Amino acid sequence: MVQIEIDNGSGFCFGVTTAIKKAEEELALGNKLYCLGDIVHNGMECDRLREMGLVTIKHDEMRELHDVKVLLRAHGEPPETYELAHRNNIEIIDATCPVVLQLQKRIKKQYDSNHVQSSMVNGQCPQIVIFGKRGHAEVLGLVGQTQSSAIVIESFDEVKRLDFTRDIYLYSQTTKSLDEYHRIIDYIQSHISPDAHFESFDTICRSVANRMPNISQFASRHDLILFVCGKKSSNGKVLFNECLQVNPNSHLIEDPQEIQPEWLDGIETVGICGATSTPKWLMEQSRDAILKMQRP
């Protein structure tokens, strides 16, 4: 019988836990509740909440709603969403993660400062740069604080397209890689013009960043790693790649049904871990699926 360990450090982060708790509390009262976008990047957890009555909507669908309650998930939203809610008499249940909310405020303050103080370099406004995934809900909320003027770079390779003759203020999506962020900072520092100003802000969530070394150690302890994660999870991809580097015998699954019996051939220990959007119950189901395969 194989030995199975579920990583204690995996599972919902604080922001996701809070958002789901708020949704469950509202639904328990029997109230109609809409959620703007998937509450978490995990299909099975979204299915569970949908069965409880949560209705997931897109932004264009929200424009048609009036006099209802809409939950904003942990990723946050741009100012336009709040303005729309006010116009349509929509009650907002704001589950924006406190870390994301603080980051939004910092970027908004910087943007306002750039314009109110007219801090210009060579007649041009400073660049607000966000290291993050284009189109990601959190990044859309951050860019929205700047009237969509912020520059988004997804990877170190894209840093070269910045204008190093102008001031640069660099921020990061809260779930990005800390190591890659530091590489970007080092590159800008070594290429910025002496006449331009550069500032970087450490905006990566430590509850996510600290999972990197922890999950690396966890992956090294087992013959087989099952990383349970929704296909849309950004931090899940980062964490899974960390597992893969340490333990090539790692598999990313979204559903316990994806586990292949042949993966267990010759295996003595299995480690099960996941992203900040992975519910504990789903990792437990994966464990149970393996145990079921082992029964004679």
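Conventions we followed
- Residues numbered from 1 in each chain as written.
- Predicted model: local features only at pLDDT ≥ 70, side-chain atom pairs only at ≥ 80, totals over all residues.
- Heavy atoms only, no water.
- Helix = DSSP H or I, 4+ residues; strand = E, 2+ residues; numbered from the N terminus.
- Buried < 20%, exposed > 50% of the residue type's maximum accessible area, 1.4 Å probe, protein only.
- Contact = heavy atoms within 4.5 Å.
- Areas by Shrake-Rupley, 256 points an atom, 1.4 Å probe, with all protein chains shown as cover.
- Lys, Arg positive; Asp, Glu negative; His and termini not counted.
- Charge placed at Lys NZ, Arg CZ, Asp CG, Glu CD.
- Pairing = 2+ DSSP bridges.
- 1 Å grid on protein atoms, 1.4 Å probe; cavity = no way out; pocket = protein on both sides within 12 Å on 5 of 7 lines; lining within 4 Å.
- Points joined across faces, edges and corners; volume = space filled by probe spheres on them.
- Nonpolar A, V, L, I, M, F, W, Y, C, P; charged D, E, K, R; others polar.
- Expected span 1.5 Å × (residues − 1).
- Arc of directions from axis to C-beta.
- Right-handed = clockwise from strand over helix to strand, strands pointing away.
- Axes fitted to C-alpha atoms, helices over the stretch in contact; angles between N-to-C directions.
- Salt bridge = Lys/Arg side-chain N within 4 Å of Asp/Glu carboxyl O.

**Student:** Can you walk me through the overall build of the protein in this structure?
**Tutor:** When its secondary structure is counted, the protein shows 11 helices and 12 strands. Projecting the C-alpha coordinates of the protein onto the three principal axes gives extents of approximately 75 × 50 × 25 Å. Buried positions account for 52% of the 296 residues belonging to the protein. For the protein, long-range pairs separated by at least 24 residues make up 70% of all intrachain contacts whose partners lie at least 6 apart in sequence. Total accessible area on the protein stands at roughly 14300 Å², and carbon and sulfur atoms take up 49% of it. The distance from the centre of the 31 positive side-chain charges to the centre of the 41 negative ones in the protein is 2 Å.

**Student:** In this structure, what is going on with the pairing of strand β2 (residues 33–36)? I would like to understand it.
**Tutor:** Along any regular strand, the residues point their side chains to alternate faces of the sheet. Alternating residues of β2 divide into L33 and C35 and Y34 and L36, and every residue in both groups is buried. Two elements, β2 and strand β4 (residues 69–72), share 2 bridges in a ladder whose sense is parallel. Across the sheet, the residue bridging to C35 is L71, located in β4.

**Student:** Looking at this model, I keep getting lost on the layout of surface pockets. Mind explaining?
**Tutor:** Over the atoms, a rolling probe the size of a water molecule traces out where space has been left empty. Its boundaries defined by the atoms lining it, the largest pocket holds a volume of some 310 Å³. Lining the largest pocket are 24 residues, with C13, V16, H75, T175 and T276 sitting closest to its centre. Considering every element that reaches the lining of the largest pocket, the biggest residue donor is helix α1 (residues 14–28), with 3 residues. In terms of residue class, the lining of the largest pocket is built from 10 nonpolar, 13 polar and 1 charged. Those elements that place two or more of their residues in the lining of the second largest pocket are β3 (54–57) and α6 (137–143). For the lining of the second largest pocket, the residue count by class is 5 nonpolar, 4 polar and 5 charged.

**Student:** Any chance you could explain helix α11 (residues 280–294) here in plain terms?
**Tutor:** Because an α-helix completes one turn every 3.6 residues, residues spaced three or four positions apart along the sequence face the same direction. Under the 1.5 Å per step criterion, the end-to-end length of α11 is 22 Å for 15 residues, consistent within 8% with the ideal 21 Å. When we look at burial in α11, the residues that qualify are L282, M283, S286, A289 and I290. Taken down its axis, α11 places every buried residue within 110° of arc, on the same side.

**Student:** Looking at this structure, I do not really get the pairing of β4. What am I missing?
**Tutor:** Note: β4 against strand β5 (residues 91–94), 4 bridges, orientation parallel. Within β5, the residue paired with V70 across the bridge is I92. Once you follow β4 into helix α4 (residues 79–87) and on to β5, the crossover reads as right-handed.

**Student:** Sorry, what's going on with the sheet that holds strand β10 (residues 224–228) here?
**Tutor:** What holds strands together in a sheet is hydrogen bonding between their backbones, with the strands either parallel or antiparallel. Taking strand neighbours across the sheet as the criterion, the 4 strands line up as β1-β12-β10-β11 in an open arrangement whose pairing is parallel. Each having just a single partner strand, β1 (3–6) and β11 (250–253) make up the two edges of the open sheet. Mean inter-strand twist for the sheet, computed between neighbouring axes without regard to direction, equals 20°. The pairing of β10 with strand β12 (residues 269–274) spans 5 bridges and is classified as parallel. Looking across to β12, one finds that F227 is bridged to C273. Against the sheet, α11 contacts β1, β10, β11 and β12, and its axis sits at roughly 155° relative to β12.

**Student:** What am I meant to see in the pattern of salt bridges here?
**Tutor:** Oppositely charged side chains can form a pair if their charged atoms are brought close together. Within this structure, the stated rule accounts for 14 salt bridges. In this structure, D112 engages K108 in a salt bridge whose closest nitrogen and oxygen atoms are separated by 2.8 Å. With D112 and K108 both in helix α5 (residues 98–116) and 4 residues apart, this pair spans about one turn of that helix. When its relative accessible area of 30% is taken as the criterion, D112 is described as partly exposed.

**Student:** What's the story with the sheet that holds β5 in this structure? I'm lost.
**Tutor:** If you walk across this open sheet you meet the 4 strands as β3-β2-β4-β5, and the pairing is parallel. Two strands lie at the open edges of the sheet, namely β3 and β5, each paired on one side alone. The mean inter-strand angle of the sheet, taken between neighbouring strand axes irrespective of direction, is 35°.

**Student:** Looking at this model, I keep getting lost on α4. Mind explaining?
**Tutor:** Taken together, the buried positions of α4 are occupied by T81, L84 and A85. Viewed end-on, α4 has its buried residues packed into an arc of 100°, placing them on one side of the element. Opposite the buried face of α4, by more than 90 degrees, sit the exposed residues H86 and R87. Looking at the buried residues of α4, the elements they touch are β2, α3 (59–62), β4 and β5.

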